Amino acid sequence: MPFGDVYGQWRAMEALNREGLARSIGVANFYPDRLLDLIVSNVTVPAVNQIETHPFFQRADYQALMSEHGVRTQSWGGFAEGRNGLFTNPLLTEIGKEHGKSVAQVVLRWLTQREVIAIPKSVSAERMAENIDVYDFELTDEQLARIATLDTGSSLFFDHHDPETVTWLAGRRLDA
């Protein structure tokens, strides 16, 4: 998270990386200004930036900027935590039917085709098998364009620029 002694923490991770104790290092929830500041102020470019990315908050422009600097996007909340009726969304359901796939599989395929790293969370063996079964189909350009219409351009969870949110997040981090 881009709060606290970010540069001290980053330099400590760079040292671990140099010593071979970490193969790669990355960040989470860094917005463009904070990410670019970190990149230009340090030696190592983050391998990934884990950010909220799902059909309702797609962040395509930010993903392009990160890619331009060699940073991969890792999706946090790829299924939007089920919010906005993700798993029953008519458009995603229709696209799933066109491929004989579930909404979750459509979303994972959408992330994969956008070159977003997805790490879906499940405790169900059946869902784990379903989550990996996304490499036998491809979404068409038309389907990708339809999914793009779901983008609201804002977080479904919280605004990292809001002072109350920053205070709350900082407090949680210190308790961890």
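Rules behind the numbers
Residues numbered from 1 in each chain as written. Predicted model: local features only at pLDDT ≥ 70, side-chain atom pairs only at ≥ 80, totals over all residues. Heavy atoms only, no water. Helix = DSSP H or I, 4+ residues; strand = E, 2+ residues; numbered from the N terminus. Buried < 20%, exposed > 50% of the residue type's maximum accessible area, 1.4 Å probe, protein only. Contact = heavy atoms within 4.5 Å. Areas by Shrake-Rupley, 256 points an atom, 1.4 Å probe, with all protein chains shown as cover. Pairing = 2+ DSSP bridges. Axes fitted to C-alpha atoms, helices over the stretch in contact; angles between N-to-C directions. Core = buried A, V, L, I, M, F, W, Y, C linked by side-chain atoms within 4.5 Å. Parallel < 35°, antiparallel > 145°, perpendicular 65-115°, else oblique. Left-handed = near helix turned anticlockwise from the far one by under 90°.

1. Thoughts on the overall build of the protein
(1) Moving on: Within the protein one finds eight helices and three strands.
(2) Moving on: When its helices and strands are written in sequence order, the protein yields α-β-α-β-α-β-α-α-α-α-α.
(3) Moving on: With respect to the principal axes defined by its C-alpha atoms, the protein has extents near 50 × 35 × 30 Å.
(4) Moving on: Sorting the 176 residues of the protein into buried and exposed places 39% on the buried side.
(5) Moving on: Of all intrachain contacts in the protein linking residues separated by at least 6 positions in sequence, the fraction that spans at least 24 positions is 67%.
(6) Moving on: Per element, the accessible surface of the protein, about 10000 Å² overall, is 54% carbon and sulfur.

2. Re unusual backbone geometry
It is generally the case that most residues other than glycine have a negative phi and that most peptide bonds are trans.
(1) Moving on: Unlike most non-glycine residues, R59 shows phi in positive territory, near 60°.
(2) Moving on: Positionally, R59 belongs in the loop between β2 (48–52) and α3 (60–68).
(3) Moving on: Even without a glycine there, the phi angle at E115 is positive, about 65°.
(4) Moving on: Here E115 shows up in the loop between α5 (103–113) and α6 (125–132).
(5) Moving on: Classification of E115 as exposed rests on a relative accessible area of 57%.

3. What to know about the sheet that holds strand β1 (residues 27–28)
Sheet strands line up and pair through hydrogen bonds in the backbone, either parallel or antiparallel.
(1) Moving on: Spatial ordering of the open sheet is given by β1-β2-β3, a layout of three strands whose pairing is parallel. The open sheet has two edge strands with one neighbour each: β1 and β3 (72–76).
(2) Moving on: Of the pairings in the sheet, the one linking β1 to β2 comprises two bridges and is parallel in character. By the bridge assignment, A28 is partnered in β2 with Q50.
(3) Moving on: Sitting on the sheet, α3 touches β2 and β3, and the angle it makes with β2 is about 175°.

4. Topic: α5
(1) Moving on: By the criterion of burial, α5 is predominantly enclosed, with nine of the eleven residues buried.
(2) Moving on: Buried residues of α5: V103, A104, Q105, V106, V107, L108, R109, W110 and L111, and no others.

5. Concerning the environment of G77
(1) Moving on: By the element assignment, G77 lies in the loop between β3 and α4 (90–99).
(2) Moving on: Relative accessible area serves as the criterion here: at 14%, G77 is assigned to the buried category.
(3) Moving on: Considered as a pair, G77 and A118 are 41 residues apart in the sequence and their alpha carbons are 9.0 Å apart.

6. A word on the nonpolar core
Soluble globular proteins: nonpolar side chains tend toward being buried together.
(1) Moving on: Of all hydrophobic cores here, the largest spans 19 residues; its most connected members are F79, L86, L92, V106, V107, L139 and I147.
(2) Moving on: Of all elements in the fold, only α4 and α5 reach the threshold of two or more residues within this core.
(3) Moving on: Not counting residues within four places of it along the chain, the set of residues in contact with F79 comprises L86, F87, A104, V107, L108, P120 and N131.
(4) Moving on: If you look at the next biggest cluster of nonpolar residues, it comprises twelve residues, including V6, F30, I51 and Y62.

7. Observations regarding the packing of helix α1 (residues 6–18) against helix α2 (residues 32–41)
(1) Moving on: At a minimum axis distance of 11 Å, the contact between α1 and α2 shows a crossing angle of 55°. What the angle tells us is that α1 and α2 run oblique. In this structure, α1 meets α2 at a crossing whose hand is right-handed. Here α1 contributes V6, Y7, W10 and R11 to the contact with α2, which in turn contributes R34, D37, L38 and S41.

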